[in-house]
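Listed here are the chains, written in short residue letters.
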Amino acid sequence: MPPPPPSTATVSQPVIDSAASPPPTSPQSPPPPPRDVTQPLAVVSERLPWRHTFISLRVPNFRIFAIGHFIAVIALWMQRIAQDWLVLQLSGSVTAVGITVALQFLPSLVLGPWGGMMADRFPKRKILILCQAVAAVLAAALAVLALSQRIEVWHVYAIALALGLVTVLDQPARQVFVNELVGPAYLRNAISVNSTTFQLGGLIGPALAGLLLTAVGAGWAFAANAVACCSTVAMLLLLRKDRLFISAPAPKRKGMLREGLQYALSKPTIYWPWLMAGFIAVFAMSLPVLLAAFADHVYDAGAGGYGLLNALVALGALAGAVTSTRRRHLRLRSVVLGAGMYGLMLCLAALAPSMAWFGAAMVLSGFWCLMFLTASNQLVQISSNMGIRGRVMSLYIMVLIGGQAIGGPMIGWIAEHLDPHTAILVSGGVPVLAALTVAVVLARRGALTLKVDLKDRRRLLRIVSRAAAKRPAGRAGTPPAAAGTAARPC
């Protein structure tokens, strides 16, 4: 049995409604709160002690899964870096790198909801085993072509598209499977641990890829990913099925995709993260394309410099993932703030006078990117019930990954035909404007405003209701602490 939640920090999960329409209210019951007002979800009543930062790893099944996932992520990053650099060397075109990214993410844009429906209907563990087996075959094919010196750009394009089709099934099942591994009590922590694992792998993988590209070429990076995919299959087979929190599969019926879309659009804690994820995906998630342009055309740093820049992004993202495990409150403002700060860091990178300063900006960019991604992922997952979560997450992934299919070629074209500095300025500027716009809309709907309190050094700026901001501090019957965000936080 998994260990009980820590007694020193209680986690209160939200009451998740069903996919059906909300129940009618009786004449005596109070009217439901407006849809645009959202209370904090999955609030940790007090800060977790450091020994509980990765408490979900105490669950044996999740620990096995995390080990396999960590190995696979390192190899995946190695293949991703080697693939992009190989295309750049074969074609000499940054746009071609963007096309590779687009082909890998295009299937999620077109078929993402279908993948979510499959995740709701069939066992997630079996889906993941099948997907990882196919990914191993594709990586092995890429390795053979590269090591035999027969690789061409169109080969990479075709295999990237095939991997994209695998992702359509893999990603929704993987997202929902985390809940089956740890149960609801540890879901938020497990999501953050998964992000930490991914970013730690992203820190090691690009560095190893840079060494392999310089020493022996891209083919061995592809071979390593094939072996890692096989290890992931072995880890999935080792899981104890009797300790999984398996949810009943959704029965097949008409309108399942429409039901998932209507459910998601009815909840502000789902569609606002979707909207921000769309702006981030299209404009700011094509960092490999931008980093290839900066490493090759701006700083002339070669494959090693390209791997280093990706490792710096992963370093910042690792710090962001660990920080996200310490987050006490999860609100829409966490999502909007993370998106805005990520865009701002990219804008600052455009002004960097040297590669050292550019690398520092990449560390900060990685940090805020992960703060945004973990907040939006957690908010979407815990705002949807298990019976429909696969479809909800597939639509979220469709926006997040599919948007990169549009943004990759666009940002690559700007970097190649205009200037890499212009491209990264566009990548950061648009999300900043989107975050400011959404913040204003949410503030108006929730009647919120910023309050400056010079007496409180820890919280100089607070988001409070307008009524609380106008109320004099220390007024009888209203303690100053009540004028915080508890009124109607968004």
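Remember, it's a predicted structure, so these values are computed and weren't measured experimentally.

Draft legend 1. Fine view of the overall build of the protein chain. Within the protein chain, the secondary structure is distributed over 15 helices and four strands. A separation of at least 24 residues holds for 84% of the contacts in the protein chain among residues at least 6 apart in sequence. Accessible area of the protein chain: about 21,100 Å², with a carbon and sulfur share of 68%.

Draft legend 2. Region of the structure containing the nonpolar core. In this structure, Phe62, Phe358, Met362 and Ile424 are the most contacted members of the largest nonpolar core, which totals 129 residues. Of the residues forming this core, the biggest block, 14 residues, is contributed by helix H12 (residues 355–382). In contact with Phe62, not counting residues within four places along its chain, are Ser56, Leu57, Val178, Leu181, Val182, Ala190, Val193 and Asn194.

Draft legend 3. Just helix H14 (residues 420–445), in detail. An ideal rise of 1.5 Å per residue puts 38 Å on 26 residues; H14 measures up with 38 Å between its terminal C-alpha atoms. Of the residues making up H14, those classed as buried are Pro420, Ala423, Ile424, Ser427, Gly428, Pro431, Ala434, Ala435, Val438 and Leu442. Of the residues flanking the start of H14, the one acting as N-cap is Asp419, its side-chain oxygen 2.9 Å from the backbone nitrogen of His421.

Draft legend 4. Main features of the packing of helix H1 (residues 60–91) against helix H6 (residues 219–238). At a closest axis distance of 8 Å, the pairing of H1 and H6 adopts a crossing angle of 160°. Put simply, H1 runs roughly antiparallel to H6. The handedness of the crossing between H1 and H6 is left-handed.

Draft legend 5. Layout of unusual backbone geometry. Residues other than glycine seldom take positive phi values, yet Gln149 does so here, at roughly 60°. A residue is classified by how much of its surface remains accessible, and Gln149, at 70% relative accessible area, is exposed.

Draft legend 6. Structural detail: the side chain of Gln132. Locating Gln132 in the fold gives a position in helix H3 (residues 124–147). When sequence neighbours within four positions are dropped, the list of residues in contact with Gln132 reads Asp170, Arg174, Cys229, Thr232 and Val233.

Draft legend 7. Main features of the confidence of the model for the protein chain. Per-residue pLDDT for the protein chain averages 75, and the proportion of residues at 70 or more is 76%. Averaged over each element, pLDDT in the protein chain is lowest for strand E1 (residues 11–12) (36) and highest for H3 (91). Across residues 1–46 the pLDDT falls below 50, and counting only partners more than four positions away or on other chains, this stretch makes 86 contacts in the model. Predicted confidence is poor over residues 474–489, with pLDDT under 50, and the contacts of this stretch with residues over four places away or in other chains come to 28 contacts.

Draft legend 8. A look at the pattern of salt bridges. Evaluation of the coordinates by the stated rule reveals two salt bridges. The residue Glu180 makes a salt bridge to Lys124 at a minimum N-O spacing of 3.5 Å. On the criterion of sequence distance, the pair formed by Glu180 in helix H4 (residues 153–182) and Lys124 in helix H3 is long-range, its members being 56 residues apart. Comparing Glu180 with Lys124 shows no difference in burial state: the two are buried. For Arg174, the salt bridge identified is with Asp170, shortest N-O distance 3.1 Å. Placement of the pair is Arg174 and Asp170 together in helix H4, with a separation of four residues, close to one helical turn. Take Arg174 and Asp170: they sit in the same class, and that class is buried.

Draft legend 9. Main features of the packing of aromatic side chains. Within this structure, the stated rule accounts for seven aromatic pairs. Pairing Phe65 with Phe177 gives two aromatic rings, centres 5.8 Å apart and planes at 70°, and the pair type is edge-to-face. Taken together, the positions of Phe65 in helix H1 and Phe177 in helix H4 put the pair 112 residues apart, joining distant regions of the chain. Considered together, Phe65 and Phe177 belong to a single accessibility category, that of buried residues.

Here is what the cut-offs are and how they apply
- Residues numbered from 1 in each chain as written.
- Predicted model: local features only at pLDDT ≥ 70, side-chain atom pairs only at ≥ 80, totals over all residues.
- Heavy atoms only, no water.
- Helix = DSSP H or I, 4+ residues; strand = E, 2+ residues; numbered from the N terminus.
- Contact = heavy atoms within 4.5 Å.
- Areas by Shrake-Rupley, 256 points an atom, 1.4 Å probe, with all protein chains shown as cover.
- Core = buried A, V, L, I, M, F, W, Y, C linked by side-chain atoms within 4.5 Å.
- Buried < 20%, exposed > 50% of the residue type's maximum accessible area, 1.4 Å probe, protein only.
- Expected span 1.5 Å × (residues − 1).
- Polar contact = N/O pair within 3.5 Å; in protein donor to acceptor, adjacent residues only side chain to side chain.
- Axes fitted to C-alpha atoms, helices over the stretch in contact; angles between N-to-C directions.
- Parallel < 35°, antiparallel > 145°, perpendicular 65-115°, else oblique.
- Left-handed = near helix turned anticlockwise from the far one by under 90°.
- pLDDT = per-residue confidence, 0-100.
- Salt bridge = Lys/Arg side-chain N within 4 Å of Asp/Glu carboxyl O.
- Phe/Tyr/Trp six-rings, centres within 6.5 Å; stacked < 30°, edge-to-face > 60°.

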